[in-house]
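Chain and residue survey
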Amino acid sequence: MKRLASLLIVAVFALSLFGAVPATAKETPTLTVYSYESIEPWMKEIIPIFENEYGAKVRLVTFGDAGEVLSKLILEKDNPQADVVIGIDNSYLQKAIQAEVLIPYRPENAGYIPEWIIEDFDPTFHLTPYDYGAIAIVYKKDVVKNPPKTFEDLTKPEWKGKLIVENPLTSSTGMAFFLWTIGVYGDMWPYYWEKLKQNDVIIVKGWGEGWEMWDKNQAPLFVSYATDPAYSACNYNDTSIGAVFLNNTAYVQIEGAGIVKGTKNLELAKKFINFLISKEAQEKLPLNQWMYPVNKEVELPPCFSYALDVSSAKVISITSEELAKNTDKWLREWRALMVEGKKPEEISPTQTATASNTGETESQGGEGSGICGPGAVIGLAVLPLALRGRL
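Summary of the structure given here.

Rules used in this analysis
- Residues numbered from 1 in each chain as written.
- Predicted model: local features only at pLDDT ≥ 70, side-chain atom pairs only at ≥ 80, totals over all residues.
- Heavy atoms only, no water.
- Core = buried A, V, L, I, M, F, W, Y, C linked by side-chain atoms within 4.5 Å.
- Buried < 20%, exposed > 50% of the residue type's maximum accessible area, 1.4 Å probe, protein only.
- Helix = DSSP H or I, 4+ residues; strand = E, 2+ residues; numbered from the N terminus.
- Contact = heavy atoms within 4.5 Å.
- 1 Å grid on protein atoms, 1.4 Å probe; cavity = no way out; pocket = protein on both sides within 12 Å on 5 of 7 lines; lining within 4 Å.
- Points joined across faces, edges and corners; volume = space filled by probe spheres on them.
- Nonpolar A, V, L, I, M, F, W, Y, C, P; charged D, E, K, R; others polar.
- Phe/Tyr/Trp six-rings, centres within 6.5 Å; stacked < 30°, edge-to-face > 60°.
- Lys NZ or Arg CZ within 6 Å of the ring centre and 35° of its normal.
- Arc of directions from axis to C-beta.
- Polar contact = N/O pair within 3.5 Å; in protein donor to acceptor, adjacent residues only side chain to side chain.
- Axes fitted to C-alpha atoms, helices over the stretch in contact; angles between N-to-C directions.
- Parallel < 35°, antiparallel > 145°, perpendicular 65-115°, else oblique.
- Left-handed = near helix turned anticlockwise from the far one by under 90°.

**Thoughts on the nonpolar core**
Of all hydrophobic cores here, the largest spans 121 residues; its most connected members are Ile 86, Trp 180 and Trp 193. Ranked by the residues each element gives to this core, the list is headed by helix α6 (residues 172-185), at nine residues. Excluding residues that lie within four positions of it along the chain, Trp 180 makes contacts with Ile 135, Ala 136, Phe 151, Phe 245, Leu 246, Thr 249, Ala 250, Tyr 251 and Ile 316.

Structure below.
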């Protein structure tokens, strides 16, 4: 018996030298990533690359849209379950920063990101930009022969019940469209949204739900992206998808990834952020996300020439200071108007006297339309088109 015990001790000692004892074996680190559902195609291509390169496991947890992702992070703030979040855009950036759910981190390869993107998005690097694109109204050319050209066109009887818009409370795409209307109408936006409501605008929870409805021809107009025509051309050799910028303006959406405050895998999370903006990961982004990669060394696929060209549009944005100051207020007002049934006068009583003039101004579109009018929000800026590259 003593001899057997001695042999067991020697065996255990020998195995431990080679790391073969299960109790002392090193476990594979697991990184939990939160994002929205439509990011899965890109993640399926790049996550295996990261896992092989760093000997780690990535657990992707998805929710409907970026608004839901951020809400989940805030709910779990005191007991975070994620290490990294992907998909918070400029519309939700300030809300994420104010909620204190992110750790600032400037990645080592941030030099590959154009400076205008960093400055327009988040110079503090609570979120690292990984892609960008422009919001547009998309339609099928064989269904819609004369698409709307202005925001006011969408309120006309011919488009009653024919526009799908994502909810800005739950969708980053919907939030971008909402901010686009604020960029054009300024403080008068409640009167415009009241017109949309009266024209039976269809409001859906997120982009995925809206795309499915639109694809099944449940409504001919859909708030989506200027790259949708490229998607159709690349995947199906189909050039029948059209897109339009309203009032000759465009709202640019920038998406970012960040490290969740409280992560237990900080170093691995940093490696993942760096990996997202590497050329290896970024070159797989255009044909999966249908957005533009931020890494300036990545060449776009030829079929991206079918994307709606923003160079002829006035690109508008809202400064981070204005977003930080007004986002929550705007969303409360939108809910009051569109969900609770309040009137614009109850939301913006001081604007009542000039409300009747808004429609005439905006319906003209093009030069002289409301973006440069007296109702514009202070802090809105026309971004230099020369900086927009091939968007």
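**Here's the deal with empty space enclosed by the protein**
Under the criterion given, the structure shown has one cavity of 30 Å³ or more. Put simply, the largest cavity is a space of about 30 Å³. Around the largest cavity, the lining residues are Gln 94, Lys 95, Gln 98, Leu 323, Ala 324, Thr 327 and Asp 328. Elements with a minimum of two residues in the lining of the largest cavity: α4 (93-98) and α13 (320-338). In terms of residues, the lining of the largest cavity owes the most to one element, α13, which gives four residues. For the lining of the largest cavity, a count of residues per class yields two nonpolar, three polar and two charged.

**Observations regarding the packing of aromatic side chains**
Tallied over the entire structure, the rule returns 28 aromatic pairs. Residues Phe 177 and Trp 193 carry aromatic rings whose centres are separated by 5.8 Å and whose planes lie at 75° to one another, so their mutual orientation is edge-to-face. Here the residue Phe 177 occupies a position in helix α6, and Trp 193 occupies one in helix α7 (residues 189-198), the gap between them amounting to 16 residues. Both residues of the pair, Phe 177 and Trp 193, count as buried. Look at Trp 207 and Phe 222: their rings are 6.3 Å apart centre to centre, the planes differ by 40°, and that puts the pair in the tilted class. With a gap of 15 residues between them, Trp 207 in helix α8 (residues 207-215) and Phe 222 in strand β8 (residues 221-225) connect regions that are remote in the sequence. Taking relative accessible area as the criterion, Phe 222 reaches 0% and is therefore assigned buried. Every member of this aromatic cluster is reached through a ring pair, and the members are Trp 116, Tyr 132, Trp 207, Trp 211, Trp 214, Phe 222, Tyr 231, Tyr 236, Trp 290, Tyr 292 and Phe 304. Over the aromatic face of Trp 214 sits the side chain of Lys 140, whose NZ or CZ is 4.9 Å from the ring centroid.

**Observations regarding α8**
Regarding α8, the residues found buried are Gly 210, Trp 211, Met 213 and Trp 214. Relative to the axis of α8, the buried residues are bounded by an arc of 165° and lie together on one face. With its phi angle positive at about 60°, Asn 217 sits one or two positions after the end of α8.

**Notes on the environment of Tyr 105**
Checked against the element boundaries, Tyr 105 lands in the loop between β4 (102-103) and α5 (115-121). Here Tyr 105 falls in the buried class, since its relative accessible area comes to 13%. Measuring from C-alpha to C-alpha, the distance between Tyr 105 and Thr 124 comes to 8.0 Å, with 19 residues separating the pair along the chain. Discounting residues that sit within four places of it in the chain, Tyr 105 has contacts with Phe 125, Thr 128, Ile 259, Lys 270, Ile 273 and Asn 274. Of note is the side chain of Tyr 105, whose polar atom sits 2.6 Å from the side chain of Asn 274.

**Concerning the packing of α6 against α7**
Across the interface, α6 lies against α7 with an axial gap of 9 Å and an inter-helix angle of 125°. The orientation of α6 with respect to α7, classified from their angle, is oblique. Crossing angle aside, the handedness with which α6 passes α7 is right-handed. Taking contact as the criterion, the partners of Phe 177, Phe 178, Thr 181, Ile 182 and Tyr 185 in α6 are, on α7, Trp 189, Tyr 192, Trp 193 and Leu 196. Along the lines of polarity and charge, the residues of the contact of α6 with α7 split into eight nonpolar, one polar and no charged.

Fair warning: the whole summary comes from geometry, so function is off the table for now.
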